[in-house]
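As a plain string of letters, each chain reads:
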Amino acid sequence: MSDWLFDLGNSRFKAAPWHPGGGIGEVLAWPHGADALAAGDASHGPLPRGRRAWLASVAAPALTTQVLTLLRQRFEQVQVAQTRAECAGVRVAYAEPARLGVDRFLALLGARAAGGDALVAGVGTALTIDLLDADGVHHGGRIAASPTLMRQALYQRAAQLPAGGGRYREFADDTEDALASGCDGAAVALIERSLREAAARLGRTPALLLHGGGAPALQPWLPQARPHPALVLEGLALWAHANGDDRP
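What comes next concerns the included structure. Sequence order as written defines residue numbering, which begins from 1 separately in each chain. Reporting in this predicted model follows two pLDDT cut-offs: at least 70 for local features of residues, and 80 or more for side-chain atom pairs to be given and counted; totals over whole chains, interfaces and linings ignore these cut-offs and use all residues. The side-chain numbers reported here are obtained from all heavy atoms of the structure, hydrogens and water having been left aside.

### Things to note about unusual backbone geometry
This is how the line gets drawn: Secondary structure elements are defined from DSSP: runs of H or I of at least 4 residues count as helices, runs of E of at least 2 residues count as strands, and each element is numbered from the N terminus.
In this structure, Ala88 is a non-glycine residue whose phi angle is positive, near 50°. For Ala88, the position within the fold is in the loop between strand S6 (86-87) and strand S7 (90-91).

Printed below as a string of structure tokens:
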């Protein structure tokens, strides 16, 4: 019976099998929402079953509870990851560590394992940016709306604006392209400024690690970025190991 890692975000639910000491396997994803998770979809089917599961969640408490119920029906043991002041060589900047989202925290653990200084940018429902130095010290970060959320907010307040579509152009000559360029460009600009400020603080330029469902759309405009699509799940494996939950 296998062990599994689960990442419940605000937009997607991801999972990967885990072999302690051997890394994580193929990352799977399901539609958001407990009903969709229980039913599964055509590509991945229902949730797997196994002996142990670890869950990281930043979703609403009600959905987290529903997902935990589903997991407990399928696994003998279920553990929920929590942010800690120190873990796996990372020391968080927050005076109240519990206020740092567990997804950001786990991404920092994954970045620490990659080695060196890192600016970690997660592009999901929110855009999160965190600076971690080579000694594992977290210097804090930023939270902003992601390009997707910016588009949704504009559409909700001005329904004549298209909710999607368009392509990035420096100076667009139609509304769809202007919206795509403005929202993607705002995220790219914030990441680029954070990278400059990080270099000024550390005296050297950190690696830029990019993860999250919206990361591929920004990658062309951030050619120096290293894609790490499974960074949160990788950090969750490290959290489980650091908390003594990786015993066979």
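There is more to say, and it comes next.
### Regarding the pairing of strand S11 (residues 207-211)
The cut-off we apply is this: Burial here depends on accessible area, computed with a 1.4 Å probe over protein chains only, as a share of the maximum for the residue type. Under 20% is buried, over 50% is exposed, and the range in between is partly exposed. A pair of strands counts as paired when DSSP detects no fewer than two bridges linking them.
Counting buried positions over the five residues of S11 gives five, a clear majority of the element. Covered by surrounding structure in S11 are Ala207, Leu209 and His211 together with Leu208 and Leu210, the residues of both alternating faces. Here strand S8 (residues 118-123) runs beside S11; their pairing, made up of five bridges, is parallel. Paired with Val120 across the bridge in S11 is Leu209. Looking at chain direction, S11 and strand S12 (residues 226-227) are connected through two bridges and run parallel.

### Quick notes on the pattern of salt bridges
We count it as follows: A carboxyl oxygen of Asp or Glu within 4 Å of a side-chain nitrogen of Lys or Arg is what we treat as a salt bridge.
Tallied over the full model, the rule gives six salt bridges. Here Asp3 ties to Arg52 by a salt bridge, and the two come within 2.5 Å at their closest N and O atoms. In this pair, Asp3 is assigned in strand S1 (residues 3-8) and Arg52 in strand S4 (residues 50-57), connecting sequence segments 49 residues apart. For Asp3, a relative accessible area of 6% translates into the label buried. Among the charged side chains, a salt-bridge network with shared partners connects Arg169, Asp173 and Asp177.

### A closer look at the sheet that holds strand S5 (residues 75-80)
Rules: Geometry is summarised by axes, namely lines fitted to C-alpha atoms with helices restricted to the contacting stretch, and by angles between N-to-C directions that run from 0 to 180 degrees.
Read from one edge to the other, the open sheet built from five strands follows the order S3-S2-S1-S4-S5, with strand pairing classed as mixed. In the strand order of this sheet, the two ends are held by strand S3 (28-30) and S5, each with one partner. Each adjacent strand pair in this sheet contributes to an overall mean axis angle of 25°, direction not counted. Sheet topology note: the S4/S5 ladder contains five bridges and is parallel.

### Observations regarding the packing of helix H4 (residues 147-157) against helix H5 (residues 175-202)
Condition: Roughly parallel here means an angle under 35 degrees, roughly antiparallel means over 145, roughly perpendicular means 65 to 115, and every remaining angle is called oblique. By convention the crossing between two helices is left-handed if the near helix lies anticlockwise of the far one by an angle smaller than a right angle, and right-handed if it lies clockwise. In what follows, a contact means two residues having at least one pair of non-hydrogen atoms within 4.5 Å. Gly is put with the polar residues, along with every residue not named as nonpolar or charged; the nonpolar set is Ala, Val, Leu, Ile, Met, Phe, Trp, Tyr, Cys and Pro, and the charged set is Asp, Glu, Lys and Arg.
Relative to each other, H4 and H5 sit at 135°, their axes nearing to 8 Å. Here H4 lies oblique to H5, going by the angle between them. Here H4 and H5 pass one another in a crossing that is right-handed. For the pair formed by H4 and H5, the contact residues are Pro147, Met150, Arg151 and Leu154 on the first element and Glu176, Leu179, Ala180, Cys183, Asp184, Ala186 and Ala187 on the second. Class assignment of the residues belonging to the contact of H4 with H5 gives a composition of eight nonpolar, no polar and three charged.

### Some points on the environment of Ala215
By secondary structure assignment, the location of Ala215 is in helix H6 (residues 215-218). Separated by 53 residues in sequence, Ala215 and Pro162 place their C-alpha atoms 21 Å apart. Excluding residues within four positions of it along the chain, Ala215 makes contact with Val123 and Leu210.

### Points about the sheet that holds S12
The strand order S10-S9-S8-S11-S12 describes an open sheet built from five strands, whose pairing is mixed. Edge strands, defined here as strands with exactly one partner in the open sheet, are strand S10 (138-145) and S12. This element, helix H3 (residues 102-114), spans S8, strand S9 (126-132), S10 and S11 of the sheet and lies at about 45° to S9.

### Observations concerning the pairing of S9
Burial analysis of S9 places six of its seven residues in the buried class, the great majority of the element. Adjacent in sequence and paired antiparallel, S8 and S9 are bridged by two residues. One ladder, built from six bridges, connects S9 with S10; its direction is antiparallel. Of the residues in S10, the one forming a bridge with Asp130 is Gly141. The antiparallel hairpin formed by S9 and S10 contains five residues in its connecting segment, where Gly136 sits at a positive phi of about 85°.

### Looking at the packing of aromatic side chains
The condition that has to hold: Each Phe, Tyr or Trp ring (for Trp, its six-membered ring) is paired with any other whose centre lies within 6.5 Å, and the angle between the two planes then decides the class: stacked below 30 degrees, edge-to-face above 60, tilted in between.
Taken as a whole and judged by the stated rule, the model has five aromatic pairs. On the numbers, 5.6 Å between centres and 10° between planes, the contact of Phe6 with Phe13 is stacked. Both residues of the pair, Phe6 and Phe13, belong to the buried class. Ring geometry for Phe6 against Phe75: centres 5.7 Å apart, planes inclined by 75°, an arrangement best described as edge-to-face. In this pair, Phe6 sits in strand S1 while Phe75 sits in strand S5, placing the two residues 69 residues apart along the sequence. The pair formed by Phe6 and Phe75 is uniform in burial state, with each residue classed as buried. An aromatic cluster is present here, built from Trp4, Phe6, Phe13 and Phe75 joined pairwise through their rings.

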